[in-house]
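What follows is each chain in one-letter form.
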Amino acid sequence: MPDIVIAGGGPAGASCALALARAGRSVTIVERAQFPRQKVCGEYLNASVLRALDDLGMGAAARGLGYALDGVRIVVAPLDPLELRFPEPALALERATLDSALLDAAVTAGARLVRGRAEDVVMEDGRVSGLAVRDERGDLTAIRARFAIGADGIGSLVARRLGLVQTARGKQRFALGGHYRGFGDLGGCVEMHVGQGAYFALNPLSGDRTNVMVVVARDRLAQWSATVNDGMRTEAARLAGGRRSFDGVEREGPRVSIGPLDFRVKRAWAPGALLAGDAAGFVNPFTGQGVELALRSGADAAATILAATGDASKEDALLAAYGGRRARELAVRRRSATFVNLLTDVPVLARRAAERLRRVPELNDALLAALGAGKTLEAPFVPWRLARLVL
Ligand SMILES: Cc1cc2nc3c(=O)[nH]c(=O)nc-3n(C[C@H](O)[C@H](O)[C@H](O)COP(=O)(O)OP(=O)(O)OC[C@H]3O[C@@H](n4cnc5c(N)ncnc54)[C@H](O)[C@@H]3O)c2cc1C
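Let me begin by describing the structure that accompanies this report.

Conventions used here
Sequence order sets the numbering: in each chain, residues are counted from 1 along the sequence as written. Where local features are concerned, this predicted model is filtered to residues with pLDDT of at least 70; where side-chain atom pairs are given and counted, the filter is 80 or more; whole-chain, interface and lining totals use all residues. Hydrogens and waters are ignored; side-chain quantities use all the structure's heavy atoms. By the convention used here, strands pair only if DSSP detects at least 2 bridges between them. Here a strand is any run of E in DSSP of at least two residues, a helix any run of H or I of at least four, and the numbering for each starts at the N terminus. Any two residues whose heavy atoms approach within 4.5 Å are treated as being in contact. Under this scheme, a helix contributes an axis fitted over its contacting stretch, all axes are lines through C-alpha atoms, and angles between N-to-C directions fall in the 0 to 180 degree range. Counted as salt bridges are all cases of a side-chain nitrogen of Lys or Arg within 4 Å of a carboxyl oxygen of Asp or Glu. Any angle that is under 35 degrees is reported as roughly parallel, and any over 145 degrees as roughly antiparallel; angles of 65 to 115 degrees are reported as roughly perpendicular and all others as oblique. In this scheme the crossing of two helices becomes right-handed for a clockwise turn of the near helix relative to the far one and left-handed for an anticlockwise turn of less than a right angle. Basically, the charged four are Asp, Glu, Lys and Arg, the nonpolar ten are Ala, Val, Leu, Ile, Met, Phe, Trp, Tyr, Cys and Pro, and anything else, Gly included, counts as polar. Accessible area is worked out with a 1.4 Å probe on protein chains only. A residue is then buried under 20% of its type maximum, exposed over 50%, and partly exposed in between. The term polar contact refers here to a pair of N or O atoms within 3.5 Å; inside protein, the definition further demands a hydrogen-donor-capable atom paired with an acceptor-capable atom, and it admits residues adjacent in sequence only when both atoms are side-chain atoms. Aromatic rings from Phe, Tyr and Trp, with only the six-membered ring used for Trp, were paired whenever their centres fell within 6.5 Å, and each pair was classed as stacked if the ring planes differed by under 30 degrees, edge-to-face if by over 60, and tilted otherwise. Should the NZ of a Lys or the CZ of an Arg lie within 6 Å of a ring centre and within 35 degrees of the ring normal, that charge is described as sitting over the ring. Nearness here has a simple test: a residue counts as near a molecule or strand if at least one of its heavy atoms is within 4 Å of that partner. All accessible areas in this document rest on Shrake-Rupley with a 1.4 Å probe, and a residue is counted as covered only by the protein chains that are shown. Each domain's limits were defined by an automated method or a database of domain assignments.

## Section: the sheet that holds strand β13 (residues 198-206)
Thinking step 1. If you trace the eight strands from one edge of the open sheet to the other, you get β3-β5-β4-β12-β13-β14-β11-β15, paired in mixed fashion. At either end of the open sheet lies a strand with only one pairing partner, and these are β3 (44-45) and β15 (250-258).
Thinking step 2. Where β13 and strand β14 (residues 209-217) come together, eight bridges link them in antiparallel fashion. Residue Ala 201 lies in a different strand from β14, and its bridge partner there is Met 213.
Thinking step 3. Relative to the sheet, helix α7 (residues 228-240) contacts β11 (173-181), β12 (189-195), β13, β14 and β15, its axis offset from that of β13 by approximately 95 degrees.
Thinking step 4. Against the sheet, helix α11 (residues 361-370) contacts β4 (67-75) and β5 (82-92), and its axis sits at roughly 30 degrees relative to β5.

Put into structure tokens, the structure is as follows:
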């Protein structure tokens, strides 16, 4: 019986398994996908993600695999684009590459990888004591463990089975995109086109390959009467105000989509179990913070379990404290997302923000901090500075 069983081998699950395996714990990861697997993601790794990778001893390897980004170009049509330089370089790196490297590191450190789908939690005396897993042959078996971790992403099955999922509130947004060739040289910048209820992001991966993500509200998606491809192209051209279009651009690989982009939990723990990464709550992807949150929460979950195994009498208190840290972290980041949503939904506010960014340098710092690119602002202050962009 392993000490810990983890549902999901993405950044949250892999970073948690890596820390636990390095600490000498027996850990099993249950992952339903065959890696390398594609993940719907802007594939923008900000300086904070790179620091989190450094903490895992994987920063140098990641930098060697990705494409250095030195700024962000914000386009609020019809205004001229605004370019902000990152104080520290960020990285464009395909998730297929990053996630495989993280999972491989966990396995090399001693974690066991089981290919299969977690279908339920196993309960004993009101406490989680493992996962029920459907393996590749279709057989259902229980993997019992002292602790279980739900690192199974947005819509987490573990969170659902534990009754921890909160009803989503607010506008439902969907993301569509993929990898494309033909956008040309983006000059080392990630490019964000913002306004009118949607945004469109371009991230230069390598050579002429670009990650494209279009995020739209459900009502707009429903208006795409022709094909989704045409809808995406028209939306992108509208947001870019003629500066970018899909003309002459070719998709490489599948078009990917995900939504609704909202997932909240009542708390990120239950007796015997923790939730990490997106499974513990999802934040608007505009600011590209998900991978950092996944890595940091995976490491925090591992530290929490190491402490709890050292002193069983404090187990519930330690798990609850972890839940409190996750809730506070998400609350701060969601406050920033509230202002970002205002910018994408209300064109007049997007234009006002773009004009203020040109005039007031400290607002640039706030936006860079929200993008995980600036070191100058403490996280709790970021939402209030961002508010000055629009209010
Ligand atoms: C449109 C979009 C753009 C984004 N852009 C960025 C960006 O540019 N930068 C950034 O930092 N973040 C971005 N994010 C967020 C980021 O992708 C996530 O926050 C991050 O992937 C979370 O990692 P995770 O390990 O929690 O979950 P995931 O990466 O989703 O990994 C979960 C894993 O669990 C597996 N799994 C799921 N269910 C089961 C099950 N029942 N049994 C077994 N295995 C299971 C899945 O196969 C998957 O491998 C974006 C997200 C979206 C939606």
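## Describing the pattern of salt bridges
Thinking step 1. A complete count under the given rule lists 32 salt bridges for this structure.
Thinking step 2. In this structure, Arg 73 engages Glu 191 in a salt bridge whose closest nitrogen and oxygen atoms are separated by 2.5 Å. A residue pair is termed long-range when its members are at least 10 positions apart, and Arg 73 in strand β4 and Glu 191 in strand β12 qualify at 118 residues.
Thinking step 3. Connected through salt bridges with shared partners, the residues Asp 55, Glu 292, Arg 296, Asp 300, Arg 325, Arg 326, Glu 329 and Arg 333 form a single ionic network.

## So, the packing of helix α8 (residues 290-310) against helix α9 (residues 315-345)
Thinking step 1. Across the interface, α8 lies against α9 with an axial gap of 9 Å and an inter-helix angle of 165 degrees. Classed by the angle they form, the pair α8 and α9 counts as roughly antiparallel. Here the hand of the crossing between α8 and α9 comes out right-handed. Of α9, the residues touching α8 (which contributes Glu 292, Leu 293, Ser 297, Asp 300, Ala 301, Thr 304, Ala 307 and Ala 308) are Glu 315, Leu 318, Leu 319, Tyr 322, Arg 325, Arg 326, Glu 329, Leu 330 and Arg 333.
Thinking step 2. When the residues that make up the contact of α8 with α9 are grouped by side-chain class, the tally is eight nonpolar, two polar and seven charged.

## Remarks on unusual backbone geometry
Thinking step 1. Omega for the peptide link from Ala 77 to Pro 78 comes to 10 degrees, which places this bond in the cis form.
Thinking step 2. Among the structural elements, Pro 78 can be located in the loop between β4 and β5.
Thinking step 3. That bond from Gly 259 to Pro 260 is cis: its omega, -10 degrees, falls within 30 degrees of zero.
Thinking step 4. Considering the arrangement of structural elements, one finds Pro 260 in the loop between β15 and β16 (264-265).

## Things to note about the side chain of Glu 191
Thinking step 1. A relative accessible area of 2% means that Glu 191 is categorised as buried.
Thinking step 2. Within polar-contact distance, the side chain of Glu 191 engages the side chain of Arg 244 at 2.7 Å.

## Some remarks on the packing of aromatic side chains
Thinking step 1. Evaluation of the coordinates by the stated rule reveals six aromatic pairs.
Thinking step 2. Within the aromatic cluster, the residues linked to one another by ring pairs are Tyr 180, Phe 183, Phe 200 and Phe 246.
Thinking step 3. The aromatic ring of Phe 147 is capped on one face by Arg 127, whose charged end is 5.3 Å from the ring centroid.

## Considerations on the environment of Asp 3
Thinking step 1. Take Asp 3: it is sitting in the segment before β1 (4-7).
Thinking step 2. Taking the relative accessible area as the measure of exposure, Asp 3 reaches 29% and is therefore partly exposed.
Thinking step 3. With 144 residues separating them in the primary sequence, Asp 3 and Phe 147 have C-alpha atoms 6.5 Å apart.
Thinking step 4. When residues no more than four places from it in sequence are discounted, the contact partners of Asp 3 are Arg 25, Ser 26, Ala 145, Arg 146 and Phe 147.

## So, the site of the ligand
Thinking step 1. What surrounds the ligand is a group of 36 residues, the closest being Glu 31, Gly 42, Tyr 44, Arg 95 and Asp 278.
Thinking step 2. Separating an oxygen atom of the ligand from a side-chain N or O atom of Arg 37 is a distance of 3.0 Å.
Thinking step 3. The backbone of Ala 118 places a nitrogen or oxygen atom 2.9 Å from a nitrogen atom of the ligand.
Thinking step 4. With the chains in place, 95% of the 990 Å² that the ligand exposes on its own is no longer accessible.
Thinking step 5. Residue assignment for the shell around the ligand shows that the elements contributing at least two residues are α1 (11-22), β2 (27-31), β6 (112-124) and α8.
Thinking step 6. Its residues placed into classes, the shell around the ligand shows 18 nonpolar, nine polar and nine charged.
Thinking step 7. If you count residues domain by domain, the shell around the ligand takes at least three from each of domain 1 (4-59 + 95-168 + 262-333) and domain 3 (173-258).

## Structural notes on helix α2 (residues 47-55)
Thinking step 1. Along α2, the positions that sit buried rather than exposed are Ala 47, Ser 48, Val 49, Leu 50, Ala 52 and Leu 53.
Thinking step 2. Tucked into the core, α2 has its buried residues touching β3, α3 (59-65), β5, α4 (95-108) and α8.
Thinking step 3. Its side-chain oxygen at 3.0 Å from the backbone nitrogen of Ser 48, Asn 46 defines the N-terminal cap of α2.
Thinking step 4. Trailing α2 by a residue or two, Gly 57 shows a phi angle of about 80 degrees, which is positive.

## Things to note about the pairing of β12
On a regular strand, one side chain projects to one face of the sheet and the next to the other, so that they alternate.
Thinking step 1. Buried residues dominate β12, accounting for seven of its seven residues.
Thinking step 2. Burial along β12 is two-sided: Cys 189, Glu 191, His 193 and Gly 195 and Val 190, Met 192 and Val 194, pointing in opposite directions, are all buried.
Thinking step 3. The pairing of β12 with β13 spans five bridges and is antiparallel. Bridge pairing in β13 places Gly 195 opposite Ala 198.
Thinking step 4. Where β12 folds back on β13, the antiparallel hairpin that results is connected by two residues, among which Gln 196 adopts a positive phi of roughly 55 degrees.

These figures come from the coordinates and say nothing about function on their own.
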